[in-house]
Amino acid sequence: MALDTTPYKGVRDFYPQDYKLRQYIFDTWRNTVEKFGYEPYDASVIEGIDIYLAKTSEEIVSEQTYSFTDRGGRQVVLRPEMTPTVSRMVAQRRQELAYPLRWYSIPNCWRYERPQKGRLREHWQLNVDVFGIQNVTADIEIITVANEIMKAFKATQDMYTIRVNSRQVVAYILSDYLGLEAAEATTIIRLIDRMNKMEYGEFAGLISAAISPSLREEKATDEKLLTILKARTIKELPQEVQEQPFTKELQDLLESLKSQGIQNAVFDPTLMRGFMYYTDVVFEVFDTSTENNRALFGGGRYDGLVGQFGVEPVPTVGFGMGDVTIKDFLETHKLLPKVAHTVHATMVLVGDMYQKAQPLLAKLRQEGAHISVDSTDRKLDKKLKSVAKSGVRYAIIFGEGESNESNITIKDLSNGKQEQHSFERVVTTIMANSKNNLLD
Ligand code: HAM
C-alpha cells in the first residue's frame, strides 16, 4: 500500500509559497522588535517536565504536553511555550547578565490540542520579554511593541482591541473586597478564564455555586462579583478597589498608552490569561472582526518565575504571539501581501549549452541575482511554460544564436514580451521587485 502523504494531525507542511508568507511574518516581527533593542536567543525544543509543573497552566501541563520518557528514564516534553525556558536561561546566568535585558525568540511550540481554526498542535510563537524593570514602564513598552507589530502588519486600530487587566486587582477584588477564600478565588478565576466558552446564564450559575452559601445569602457576593465583571472602565469599579496602588498603576498604564496614541487599549476585568505565573498586568489582543472574533496573542508581568530557579527574582514582562492567529487575522482583514518569488529569473537553455552558460550565470549571481537553470531536455515552449507555472517572472533564453553576455534574450512571463538587453539592464530588470521581496 502507498504511503499516506498527509502530515501528522495538527501540524503544517510549508510549501515554498507558505514558507515565504511565514518568512514575511517572522521578518515583520524581527524588524519591529529589534527597533526597540530586543536581541534574539534560542533554545532546544526539548525540556525536562519540571519547569512547567509549578507555574504553567494546569490545562497545558496535564492535558496538552507532548511528553515522553527518554532512554535514561527522564520525563521530557516538547516545549508548549517559551516562558519557562527563557526564565531558566536568565536564572542560569542571573549574575552575569546586564539588566534591563530585552530578548526575543521565534520558537516552535507544541500543544496537544484539538486542531481548529487558530489552534494547531505545532505553532511558531514570537516571544518578547523584558527582564529587570519593576515599574510600569516595562508594561507600557511591551504593549507598545505589540501595537507596533500590528502597525507593521498594516493593521489599523479599529481592527483589534488590546484588553488589559491586572492579576493584583483581581486578587484584591476576590479576597479583600469580596472576602472569598483562596480555594474559592482559584475556582472563580478558572471560571472567568473560560467564560467565553459558555452561555452567560450558565456562567452566572457556576459563579454562584462556587461561592459559599453564607456569602451569597448575607452579602449577595455573587451579584457583586457579576456586576464588577461588567465594568468597562476602572472608574466603574468600587471606590475601595480604585484606591489601591496597583489599580492606580493600571489606570496610569492605560492613560500612558492613550497619550502615545494607542486608543484601542481597554480595561477588561474578565481577562485572566490561564497561566499561574502572571503576577500583575496581563493583556490580550483581540480581533474585532465578527468573522474572526478571537484572541490573537497576549502576555503580562511574571515577576516570580526566574526566582523559582533558586536565584534572586527578576521582574519580567512579556508576550507571546503565534503565527497561526496572526495569519488568520491578516487574511480576515485582507492584509496578507503577495509575496514575490525568491528566484529572479530562470535561465532556459536551448540545446546543449550547460557549460557555455556558466560564466554568464556566475556573473549574474555575483550581482546578487537569484538565477535557476532549466537544463532538462524538454522543448523551449515547455520550458517557458514551466517557468510561468513556477511563478518566476523572467526567463533568460540562452542558446547558440540567442544570447551572449552583451546581448541577452529575456522574456517577461507576466506579459509575454521578449527583448534583448545588455547585461546591466538585465540585472536591473530582474531585480527591480526584489528589494523587500514583496510585490504588493
Ligand atoms: P499563550 O496565550 O498560551 O501565552 O500563547 C501565546 C500565543 O501563542 C497565543 O495567543 C496564540 O497566538 C499562540 N498560540 C498558543 N497556542 C497555540 C496553538 N495551539 N495553536 C496556534 N497558536 C497558538 C504563552 O504561551 C505565554 N508563554 C506568552 C508569554 C510570553 N507571556 C509572557 N511572555
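Bear in mind the structure is a predicted one, so any value in this text is a computation, not a measurement.

Draft legend 1. Highlighting the overall build of the protein chain. Across its full length, the protein chain holds 16 helices and 17 strands. With the C-alpha coordinates aligned to their principal axes, the bounding extent of the protein chain is approximately 95 × 55 × 50 Å. Per-residue burial for the protein chain yields a buried fraction of 51% across its 440 residues. Summarising the internal contacts of the protein chain: among those between residues at least 6 apart in sequence, 69% fall at separations of at least 24. Working note: accessible area of the protein chain is about 22,100 Å², and carbon and sulfur atoms make up 49% of it. Charged side chains in the protein chain number 54 positive and 60 negative. The centres of these two groups are separated by 6 Å.

Draft legend 2. Structural detail: the site of the ligand. The immediate surroundings of the ligand are formed by 26 residues, with E81, T83, E113, Y278 and L296 found nearest. The contact in question runs from a nitrogen atom of the ligand to an N or O atom on the side chain of D129, over 2.8 Å. Here the ligand has 650 Å² of accessible area as a free molecule, and 97% of this is covered by the chains. Elements with a minimum of two residues in the shell around the ligand: β7 (122-131), β11 (295-301), β12 (316-322) and α13 (323-332).

Draft legend 3. Highlighting the environment of F153. Note on placement: F153 falls in the loop between α5 (137-152) and β8 (160-166). In contact with F153, other than residues within four places in its own chain, are Y24, I25, T28, W29, M321, I326, L330 and L335.

Draft legend 4. A look at the sheet that holds strand β2 (residues 46-48). Pairing is antiparallel across the open sheet formed by 3 strands, whose spatial order is β2-β4-β3. The open sheet is flanked by β2 and β3 (66-69), the only strands paired with a single partner. Taking each pair of neighbouring strands and ignoring which way they run, the sheet shows an average axis angle of 35°. In the sheet, β3 pairs with strand β4 (residues 75-78) via 4 bridges, with the strands oriented antiparallel. Pairing of S67 across the sheet is with V77, part of β4.

Draft legend 5. Fine view of the side chain of Q125. Tracing the backbone through its elements, the reader meets Q125 in strand β7. Within polar-contact distance, the side chain of Q125 engages the side chain of H123 at 3.2 Å. Ignoring sequence-local partners within four residues, the contact set of Q125 consists of W29, S105, I106, P107, C109, R111, G320, M321 and G322.

Draft legend 6. Highlighting the pairing of strand β10 (residues 281-287). Burial analysis of β10 places 7 of its 7 residues in the buried class, the great majority of the element. With burial as the criterion, each face of β10 is covered, one bearing V281, F283, V285 and D287 and the other bearing V282, E284 and F286. Bridge analysis of β10 against β11 gives 5 bridges, and the strand direction is antiparallel. Residue pairing for β11: E284 is matched across the bridge by G298.

Draft legend 7. View of the nonpolar core. The biggest cluster of nonpolar side chains holds 78 residues, and the ones touching the most others in it are W29, L126, F283, F319, M321 and F329. Counting residues per element, this core draws most heavily on α5, at 8 residues. Dropping the residues within four chain positions of it, L126 is found in contact with W29, V33, Y104, S105, I106, I149, F319, G320 and M321. A91, F275, L305 and V314 belong to the second-largest nonpolar core, a separate cluster that totals 21 residues.

Draft legend 8. Looking closely at the packing of aromatic side chains. Tallying each qualifying case throughout the model produces 17 aromatic pairs. Measuring from centroid to centroid gives 6.1 Å for Y200 and F203, while their planes differ by 50°, and the two rings are tilted. Of this pair, Y200 and F203 are both found in helix α8 (residues 200-210), 3 residues apart, which corresponds to roughly one turn of the helix. The class of Y200 is partly exposed, set by a relative accessible area of 37%. Look at F203 and you get buried, because its relative accessible area is 1%. Considering the side-chain rings of F297 and F319, the 5.5 Å spacing of their centres and the 45° angle between planes classify their relative orientation as tilted. Of the two residues, F297 sits in strand β11 while F319 sits in strand β12, which places them 22 residues apart along the sequence.

The rules behind each value
Residues numbered from 1 in each chain as written. Predicted model: local features only at pLDDT ≥ 70, side-chain atom pairs only at ≥ 80, totals over all residues. Heavy atoms only, no water. Helix = DSSP H or I, 4+ residues; strand = E, 2+ residues; numbered from the N terminus. Buried < 20%, exposed > 50% of the residue type's maximum accessible area, 1.4 Å probe, protein only. Contact = heavy atoms within 4.5 Å. Areas by Shrake-Rupley, 256 points an atom, 1.4 Å probe, with all protein chains shown as cover. Lys, Arg positive; Asp, Glu negative; His and termini not counted. Charge placed at Lys NZ, Arg CZ, Asp CG, Glu CD. Near = heavy atom within 4 Å. Polar contact = N/O pair within 3.5 Å; in protein donor to acceptor, adjacent residues only side chain to side chain. Pairing = 2+ DSSP bridges. Axes fitted to C-alpha atoms, helices over the stretch in contact; angles between N-to-C directions. Core = buried A, V, L, I, M, F, W, Y, C linked by side-chain atoms within 4.5 Å. Phe/Tyr/Trp six-rings, centres within 6.5 Å; stacked < 30°, edge-to-face > 60°.

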